[in-house]
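Now for the letters of each chain:
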Amino acid sequence: MNSDNNNMKFKMLFVCLGNICRSPAAQGVMQRLIDERGLTDRFLLDSAGTYGGHAGSLPDRRMRVHALRRGYDLTHRSRRVTGSDLEDFDMIVAMDAGNERDLRQMAATPSEARKIVMIGSYIKQNPHYDYVPDPYYEGSEGFELVLDLLEDACLNLLNAALSTLNFQP
């Protein structure tokens, strides 16, 4: 993929705290939805964390296990979100209010701040959640809940993006 091609793609960044559970899972879920619709050449996805302590690490082993059971192979290496991410990406998707707050504090311009959205805005199947909770200190049910919420939210987010962008498969 060359940089000219990347400039024509809609660039979406998923952000959580450590970039080892929720945001790499969101990236994996969204990538599969995009691939299944034949839109791989129209999108560029990435994920990052507001905390850089896990930089270079694979996603949490428990998240990888639960994701793989659903057919998602999470191979992303954790990284910390940077100021240039807010400039370079077209949409920055925060997993919770703390991540959103941190991203808004990083935004250097109003146009960068407008790119930040909450994933919870796209959760439709489980109205009790307006964010994706961090499963790090939870058991298996926490990781399964995250994947359930992300499958719902990413489908709705993709449909909204396609509608806004007028992309045709």
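Structure: above.
What you see is a predicted model, and the numbers here were worked out from it, not measured in a lab.

1. Digging into the overall build of the protein chain
Looking only at helices and strands, the protein chain features seven helices and four strands. Listing the helices and strands of the protein chain from first to last along the sequence gives α-β-α-β-α-α-β-α-α-β-α. The globule rule puts the C-alpha radius of gyration for 169 residues at 15 Å, and the 15 Å found for the protein chain is close to it. Its C-alpha atoms put the protein chain at 40 × 35 × 35 Å along the principal axes. Buried residues in the protein chain amount to 48% of all 169 residues. Long-range contacts, defined as pairs at least 24 residues apart, comprise 73% of the intrachain contacts of the protein chain with a sequence gap of at least 6. Roughly 8400 Å² of accessible area belongs to the protein chain as shown, and the carbon and sulfur atoms make up 48% of that amount. When the 19 positive and 23 negative side-chain charges of the protein chain are each reduced to one mean point, those points stand 1 Å apart.

2. Comments concerning unusual backbone geometry
Residue Asn-19 is not a glycine yet carries a positive backbone phi of 60°. Here Asn-19 lies in the loop between strand S1 (10-16) and helix H2 (22-36). Taking the relative accessible area as the measure of exposure, Asn-19 reaches 0% and is therefore buried.

3. Regarding the packing of H2 against helix H7 (residues 140-165)
At a closest axis distance of 9 Å, the pairing of H2 and H7 adopts a crossing angle of 50°. Our classification of the angle between H2 and H7 gives oblique. The crossing of H2 and H7 is right-handed. Contact residues: H2 offers Arg-22, Ala-25, Ala-26, Val-29, Met-30, Leu-33 and Ile-34, while H7 offers Val-146, Leu-147, Leu-150, Glu-151, Cys-154, Leu-155, Leu-157 and Leu-158.

4. Observations regarding the nonpolar core
Within the largest apolar cluster, 37 residues are counted, with the highest numbers of intra-cluster contacts made by Met-12, Phe-14, Met-30, Val-93, Met-95 and Leu-150. Contributing elements (two or more residues each) for this core: S1, H2, strand S2 (43-49), helix H3 (61-69), strand S3 (91-94) and H7. For this core, the element with the highest residue contribution is H7, accounting for 10 residues. Residues in contact with Val-93, not counting those within four places in the same chain, are Met-12, Leu-13, Phe-14, Val-15, Val-117, Ile-119 and Leu-157. With 12 residues, the next largest nonpolar core counts Val-15, Ala-48, Phe-89 and Leu-103 among its residues.

What counts and what doesn't
Residues numbered from 1 in each chain as written. Predicted model: local features only at pLDDT ≥ 70, side-chain atom pairs only at ≥ 80, totals over all residues. Heavy atoms only, no water. Helix = DSSP H or I, 4+ residues; strand = E, 2+ residues; numbered from the N terminus. Rg over C-alpha atoms; globule rule 2.2 N^0.38 Å. Buried < 20%, exposed > 50% of the residue type's maximum accessible area, 1.4 Å probe, protein only. Contact = heavy atoms within 4.5 Å. Areas by Shrake-Rupley, 256 points an atom, 1.4 Å probe, with all protein chains shown as cover. Lys, Arg positive; Asp, Glu negative; His and termini not counted. Charge placed at Lys NZ, Arg CZ, Asp CG, Glu CD. Axes fitted to C-alpha atoms, helices over the stretch in contact; angles between N-to-C directions. Parallel < 35°, antiparallel > 145°, perpendicular 65-115°, else oblique. Left-handed = near helix turned anticlockwise from the far one by under 90°. Core = buried A, V, L, I, M, F, W, Y, C linked by side-chain atoms within 4.5 Å.

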